[in-house]
Amino acid sequence: FVPQTSSIHLLYKIYNPSEPSGLKLFNEALNKLLLITYRSNYKEQKNVKNNSIYTSDCGWGCMIRSSQMIFTRMIYQIFEYIYTSEPPEKIIKAIIPFFMDNNLFMSEINIKSSEFTMIGMDSYILQLKKYLEKKIIENQYKQLEIKSFDPPFSIHKICTIGEIYGRTCGEWFSDFELPKIYEIINSTFNIIPNLSILHFNSDIDMDTVLENCFEKVEGKISDEDKKKYFTNENNENFCFKKMGAIFVSMRLGVSYISEEYFPSIKKLFDCKQFLGLIGGKFHSASYFFGFCGDDLLYLDPHFNQESCYNLSDKTFMTYMNKTIYKLSLKSLQSAFTVGFLFRDLNEFRDLYIFFKSYLLEKVPCFHVRFVPYKEERHLSDKEIANIFNDEDDF
């Protein structure tokens, strides 16, 4: 894809590349997206099913790499919100260590002057130290200084947690499984403590979102104080507790998507909280971040690079964007996963309003349940008899 005269949607922003300022702003936005590709010669992985050893994910890891890209976008937006005084390049460099394939060395992390300041990874390192200290007390580990550790969202960690779902290295991971794997990693290692990662299958349950990211407030609240809380469809009030990342997996057909879904797919990019989507062609996954006309724009992980072992400018460049690709909506496989992120109460309100308007689309890609599930009611004997006596045959 080469930016020319058409307007381009990059997530929720629109750029006009025919204008010099438009192309410049488009490139600046593009540089905030990390490219994560196949890697070779990284630390060994073992397939627990057949004991095969892997030092590369070429041929099987594209969905994992695509999921890493949408999650780097999520973390970028979180860090941008928290570290408001940090320039974009520094935030991008701080995210890379979360997703590297080889061990990170403590000596590099302790260099305060490094551009790879490990903002946001403090809690992970603290959890790791507590874990090792416990093992030492239990005489399972010897007393030693921690010299290196696995990055929290490395392909090694993802494949290890994937064993819960019967997946391991050397095998294709589905977009349906990966958000759950990230949720387990994040909650287990407390990487981003103020974040709840939620995954739904075609039907977002807002009651679950409220339960995980808000705290219900009992009692009456004045009209003035209501601005500080969220009020649901049942007039219940909730206090914002933590950020929420919502991932929705869907299947819109057998192989390819019907054209009637195209407008509702494009509509997703109007949402300020939208993170993009992962999917693509059959067994060929990519990260889709925008569209131009009826073409989706994406970053392609199917490019093999040497795995990096240190935090350097050379490492940084391997994660920067090389080429943008386009895929016609007609060629998009029917199964894919989309992501949204809200970072505070106002963003949640905006997302809530977007979901309401999105359901007015002629054919929305997914549905949103705003009212909590009601308790199951059993049919009476009279109701059952009426059903079986009904003369209408269907």
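This one's a predicted model, so the numbers in the text were calculated from it and none came from an experiment. (Residues numbered from 1 in each chain as written. Predicted model: local features only at pLDDT ≥ 70, side-chain atom pairs only at ≥ 80, totals over all residues. Heavy atoms only, no water.)

Draft legend 1. Layout of the sheet that holds strand 3 (residues 39-46). Across the sheet, which stays open at both edges, the three strands sit in the order 4-3-16 with mixed pairing between neighbours. Each having just a single partner strand, strand 4 (53-56) and strand 16 (305-306) make up the two edges of the open sheet. (Pairing = 2+ DSSP bridges. Helix = DSSP H or I, 4+ residues; strand = E, 2+ residues; numbered from the N terminus.)

Draft legend 2. Expanded view of the confidence of the model for the protein. Of the residues in the protein, 83% reach a pLDDT of 70 or more, and the chain-wide mean stands at 84. Segment residues 110-118 is flagged for pLDDT under 50; beyond a separation of four residues in sequence, or across chains, it makes 14 contacts in the model. Below a pLDDT of 50 lies the segment residues 390-394, which in the model reaches zero contacts outside its immediate sequence neighbourhood of four places, other chains included. (pLDDT = per-residue confidence, 0-100. Contact = heavy atoms within 4.5 Å.)

Draft legend 3. Here's a closer look at the packing of aromatic side chains. Evaluation of the coordinates by the stated rule reveals 30 aromatic pairs. Counting every residue linked through ring pairs, the aromatic cluster contains F269, F274, F291, F340, F354, F355, Y358 and F366. Against the face of F316 rests K93, its NZ or CZ located 4.7 Å from the ring centre. Directly above the ring of F370 sits K356, whose terminal nitrogen or CZ lies 4.9 Å from the centroid. (Phe/Tyr/Trp six-rings, centres within 6.5 Å; stacked < 30°, edge-to-face > 60°. Lys NZ or Arg CZ within 6 Å of the ring centre and 35° of its normal.)

Draft legend 4. Quick peek at the side chain of S66. Summarising the element assignment, S66 is placed in helix 2 (residues 62-82). Taking the relative accessible area as the measure of exposure, S66 reaches 0% and is therefore buried. Every residue in contact with S66, bar those within four places of it in the chain, is listed here: I278, A285, S286, Y287 and P301. (Buried < 20%, exposed > 50% of the residue type's maximum accessible area, 1.4 Å probe, protein only.)

Draft legend 5. Region of interest: the sheet that holds strand 9 (residues 214-217). Spatial ordering of the open sheet is given by 9-11-10, a layout of three strands whose pairing is antiparallel. Only two strands of the sheet have a single neighbouring strand rather than two, namely strand 9 and strand 10 (230-231). As paired strands, strand 10 and strand 11 (residues 237-240) are joined by two bridges and run antiparallel to one another. Within strand 11, the residue paired with T231 across the bridge is N237.

Draft legend 6. Summary view of the side chain of D101. For D101, the position within the fold is in the loop between helix 3 (88-95) and strand 5 (104-105). When neighbours within four sequence positions are excluded, D101 is seen to be in contact with R39, Y42, K43, R65, S154, I155, H156 and S307.

Draft legend 7. Quick peek at the nonpolar core. Membership of the largest hydrophobic core comes to 112 residues, with the highest contact counts inside it found for M74, I204, I246, V338, F340, F355 and F366. If one sorts the elements of this core by residue count, helix 2 sits on top with 11 residues. Leaving out residues up to four positions away in the same chain, F366 has contacts with S202, I204, V248, M250, L268, V338, F340, F355, Y358 and L359. (Core = buried A, V, L, I, M, F, W, Y, C linked by side-chain atoms within 4.5 Å.)

Draft legend 8. Local environment of unusual backbone geometry. Even without a glycine there, the phi angle at L11 is positive, about 55°. In this structure, L11 sits in the loop between strand 1 (8-10) and strand 2 (13-15). A positive phi angle, close to 60°, is found at N235, a residue other than glycine. Positionally, N235 belongs in the loop between strand 10 and strand 11.

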